[in-house]
Amino acid sequence: MAFVGTSVSRVDARAKATGRARYVDDIALPGMLHARLLRSRIASGWVKWIDTARAEAIPGVRAVVTYRDVPSHTFPTAGHPFSLDPSRRDIADRHLLTQRIRFYGDEIAAVVAVDEATAERALDEITVEYEERPPLLDMTAARESGTPEIHEGTGNLLQRSDYSFGDVDAALKAADVTVKGRYVTQVVHPCALENHGAVAALDPQGCVVVYTSTQIPHICRRIIGQALGIPWGKVRVIRPSVGGGFGGKQDAVVEPLAAFLTTIVGGRPVKLVLPREDTFVGTRVRHAMELALKSGVRADGTLTFRVLDAHSMNGAYASHGHAIVSKSGTLFRQMYASDAIRFESATVYTNTPTAGAMRGYGAPQVIFATESHMDDIALALGMDPVRLREINLHPEGAVDPSDKVMEHTAALAECLRKGRELIGWEAKRSAGRTTGLKRRGVGMACFCYPTGIYPAGLEVGAARIVLNQDGSVQLQVGAAEIGQGSDTALSQIAADALGIPIDMVHIPWEQDTDRSPYDPGAYASRQTSVSGTAVKQAAEAVKAAVLDRAQTMTGSAASTLDIADGWVVERRAGARLVPVVDVALDSYYNPDTASRIAADVSCNVKTNALAFGCTFVEVEVDTETGRVAILELYNVHDSGRIVNPVAAEGQVQGGVQMGLGYALWEQLLFDRKTGRTLNPNLADYKIMTAIDYPAVSAFFLQTDESTAPCGNKALGEPPIVSVAPAVRNAILHATGIKIDTLPITPERLFFALRDRGSTLPLTP
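Residues numbered from 1 in each chain as written. Predicted model: local features only at pLDDT ≥ 70, side-chain atom pairs only at ≥ 80, totals over all residues. Heavy atoms only, no water.

A. Representation of the overall build of the protein. Per the secondary structure count, the protein includes 20 helices and 27 strands. Relative to its length of 764 residues, the protein is compact, with a C-alpha radius of gyration of 27 Å against a globular reference of 27 Å. Seen through its principal axes, the protein has C-alpha atoms that stretch 90 × 75 × 50 Å. Of all 764 residues assigned to the protein, the portion counted as buried reaches 61%. Within the protein, contacts between residues separated by at least 24 positions form 79% of all contacts whose residues are at least 6 apart in sequence. With an accessible surface of roughly 28,200 Å², the protein has 50% of that area assigned to carbon and sulfur atoms. (Helix = DSSP H or I, 4+ residues; strand = E, 2+ residues; numbered from the N terminus. Rg over C-alpha atoms; globule rule 2.2 N^0.38 Å. Buried < 20%, exposed > 50% of the residue type's maximum accessible area, 1.4 Å probe, protein only. Contact = heavy atoms within 4.5 Å. Areas by Shrake-Rupley, 256 points an atom, 1.4 Å probe, with all protein chains shown as cover.)

B. Structural view of the pattern of salt bridges. The tally for this structure, following the rule as stated, stands at 43 salt bridges. Here D514 ties to R221 by a salt bridge, and the two come within 3.3 Å at their closest N and O atoms. Here R221 lies in helix α6 (residues 217-228) and D514 lies in the loop between β20 (511-512) and α15 (527-554), a separation of 293 residues in the sequence. The salt bridge partner of D251 is R284, with a shortest N-O separation of 2.9 Å. Note that D251 is positioned in the loop between β11 (235-239) and α7 (255-264) and R284 in the loop between α8 (276-282) and β13 (288-297), a separation of 33 residues in sequence. Side by side, D251 and R284 carry an identical accessibility label, which is buried. When salt bridges with common partners are traced through the structure, they connect R221, R236, D512, D514 and R515 into a single cluster. (Salt bridge = Lys/Arg side-chain N within 4 Å of Asp/Glu carboxyl O.)

C. A look at the nonpolar core. One finds L416, I630 and V727 to be the most contacted residues of the largest nonpolar core, which totals 111 residues. Ignoring any residue separated from it by four or fewer positions in sequence, one finds L416 in contact with V386, R389, E390, L393, M444, C446, C614 and F616. In terms of nonpolar packing, the next biggest core, distinct from the first, is built from 56 residues, A113, A200, V237 and Y523 among them. (Core = buried A, V, L, I, M, F, W, Y, C linked by side-chain atoms within 4.5 Å.)

D. Representation of the sheet that holds strand β3 (residues 61-66). Spatial ordering of the open sheet is given by β3-β5-β1-β12-β9-β10-β11-β20, a layout of eight strands whose pairing is mixed. Every interior strand has two partners, whereas the edge strands, β3 and β20, have only one. Note: β3 against strand β5 (residues 107-113), five bridges, orientation antiparallel. Counted as the bridge partner of V65 is A110 from β5. Sheet strands touched by α6: β10 (208-212), β11 and β20. Its angle to β11, the strand with the most contacts, is close to 140 degrees. Against the sheet, α7 engages β1 (33-39), β3, β5, β9 (197-202), β10 and β12 (270-273), with an angle of about 35 degrees to β9. (Pairing = 2+ DSSP bridges. Axes fitted to C-alpha atoms, helices over the stretch in contact; angles between N-to-C directions.)

E. Geometry of helix α9 (residues 323-335). Spanning 13 residues, α9 covers 18 Å between terminal C-alpha atoms, matching the ideal 18 Å at 1.5 Å per step. In terms of residue burial, α9 counts as a mostly covered element, since 10 of its 13 residues are buried. Those residues of α9 that fall on the buried side of the exposure criterion are I324, V325, K327, S328, G329, L331, F332, R333, Q334 and M335. (Expected span 1.5 Å × (residues − 1).)

F. Main features of a nonpolar patch on the surface. Taken together, the side chains of F82, L84 and W232 present a nonpolar region at the surface, about 350 Å² in accessible area. For W232, the position within the fold is in the loop between α6 and β11. (Patch = residues over 30% accessible without salt bridge, like charges linked within 9 Å, V, L, I, M, F, W, Y side chains within 5 Å.)

G. Spotlight on the pairing of β12. Of the two faces of β12, the one holding V270 and L272 and the one holding K271 and V273 are both buried throughout. Taken together, the two bridges between β1 and β12 define a ladder with parallel strand orientation. In the strand pairing of β12, L33 is matched with V270. By the bridge criterion, four bridges tie β9 to β12 in an arrangement that is antiparallel. Residue pairing across strands places A200 opposite V270, the latter belonging to β12.

H. Up close: the sheet that holds strand β19 (residues 505-506). Here four strands make up an open sheet; going across it, the order is β19-β18-β17-β24 and the pairing mixed. Strands with a single pairing partner mark the edges of an open sheet, and in this sheet they are β19 and β24 (598-604). Running at roughly 135 degrees to strand β18 (residues 473-477), helix α14 (residues 486-498) makes contact with β18 and β19 of the sheet.

I. Region of the structure containing α6. If you check α6, its first and last C-alpha atoms are 17 Å apart, about what 12 residues at 1.5 Å a residue would give, namely 16 Å. The buried count for α6 comes to 11 of 12 residues, which makes it a mostly enclosed element. Those residues of α6 that sit buried are P217, H218, I219, C220, R221, R222, I223, I224, G225, A227 and L228. Those residues of α6 that are buried are in contact with β10, β11, α7 and β20. A positive backbone phi angle near 70 degrees is found at G229, which sits one or two residues after α6.

J. Looking closely at the packing of aromatic side chains. Scanning the model with the defined rule gives nine aromatic pairs in all. Their ring planes at 45 degrees and their centres at 5.7 Å tell us that Y163 and F165 sit as a pair that is tilted. Among the aromatic residues, ring-to-ring pairing joins Y163, F165 and F343 into one connected group. The aromatic ring of Y163 is capped on one face by R333, whose charged end is 4.8 Å from the ring centroid. A cation sits over an aromatic face here: R526 above Y523, 5.4 Å from the ring centre. (Phe/Tyr/Trp six-rings, centres within 6.5 Å; stacked < 30°, edge-to-face > 60°. Lys NZ or Arg CZ within 6 Å of the ring centre and 35° of its normal.)

K. Looking closely at the side chain of N712. For N712, the location among the structural elements is in the loop between β27 (696-700) and α18 (718-721). The residues contacting N712, other than those within four sequence positions of it, are T528, S529, S639, G640, R641, V643 and E705.

L. Representation of the environment of A752. Tracing the backbone shows A752 in helix α20 (residues 746-756). A752 sits 123 residues away from A629 along the chain, and the two C-alpha atoms are 17 Å apart. Discounting residues that sit within four places of it in the chain, A752 has contacts with I737 and I739.

See below:
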């Protein structure tokens, strides 16, 4: 039986369904203490004076630590592979605790106590005096001449970059129509169900052991070592079950401080789990962006030039920094063909919570802008929006002029045709509802998305497979299971490559950097492809060793043998010769030839594959209230060969939910005077719940990607990417009104409807 391409149950399903899965907050070690953080009550300035005496005197308080007690050097927090080139390393701008305040909620002190209540009480007894500066809460204010610097020597500009291909000026002259647009996206939070947390302790040999909810165990190990100034080999990171990450746990946010605190209390275990409000304020958010677009187009719809100027709001610290908007620029280039293209970008520091990785990593922002802009172009030409996109798609086999990534398989045209068919595009586009209080419209948007980060960064995967005595295998990977189902997909790949049932593949639920092979972690929709390559290679090596041993047991040449359903069989006839368990027992106990069968593989992947797809949606707009109802939504994908269809469906449903929240609901709000986050909780920060969620359908046009281990391409992040612009374009079709700022709340749409008046013609 082939397992790749089959809907198998998740390997962690039973543990999670029965409550046996162990998360960070479930960990209780002997003698464990609890930590809480004191956060600043200003957004910009300094701590002039801090008094911890009353907090230290509270019974049960074991330590109070301030910025005066931590190492003086800075460290990075972003979950990128380490670079041997110093100029390409993540910016080291964080202290464990800080005197210089850069956002409302910056960490200035920590309390360690016998329980959480005592730690919370001690926080209230710490007295702080601040020297305050007016906060810089948006990119315009931060970049004004003479504005105070958030980080010295930067002018509040983290980084700038640009590229151009072709002659934009000549392409401008060749255009029959020029269209401009400015599109704005907001600050949102990943809202993983599990808050950030870590438990740290010293082992008997003085090694720092950290249990943490992280997407990047091996990178986290390195960052902890950097933060504490200790050898990286003296750090051990253990990842238990993770309750979601969505990019927010691709930073080492709590782990370095938890590790430091255990050294302060003599190695006793310290648990630092952030409350929900701290998670909203003190972890990572999605970058808000302002994107100005200008495009030239001929009367027949072909693009002559495309220009994008993108500004990204990074917040208080670098984290992933300019990499986010840089990726936006790459996707802008890879979406559509034109004679000339130019991209300019800047990433700006502000006195707001730090922006970092979040599902889509710059794609939701740039695709909202580019796909809204494509509908604006179609409107200017009086052309069907789908037809405009079809005219300008890159051909299959196109090579990116900068990073040389080739579109080996590109079924976007087929995705568009399928989306039109599923939603009944032509009929609904021409009909709609043009009168009455409720107006209906249909819209769509496309996306492309890479599988991993090559060639912008290193892509390595690793796997270790050991044949057990009973013929089953232990599969160890460095890839991080964070709820997305990677352990299941990798087990499917191993089972298929080995020729054994999937229940004979055992993968540890807990990951340990002292035992698991190195892998950067869960990000960039990379693991099934990159880590899957290592798993497949390791499985093939074990299979070859099994067949070599079976050759002596059966008298048949290894080249004539295969493994199927846990049996060594004749390759041509399929006749069963010997069960794999007998080969395993022979490998362990043969007096003359005993030798364990195992493979340890690390692969350096130097390919990338672009996934493609689109979202088609029908909406109904209530013109009295501005409320938008989603009537139908189809998320269509070319993600190569689907490894686990039911898991793929789950990725789509979750991604669309996040995309709809991004489009219509979610936004972190800040007090314009103080910089305080106004809605740092799940009561005031509005996410889409099961009650609000509409009927959503996923469709997969399966291609076979030659560069991937199973013909697969990215799927974890793509479902979110094209949802918001599709909704925006459907609202445009229903009302004739362009809403170019997210989220499209009832209030925002209500005032746009009021200003426009009651005559709301449908767009073409």
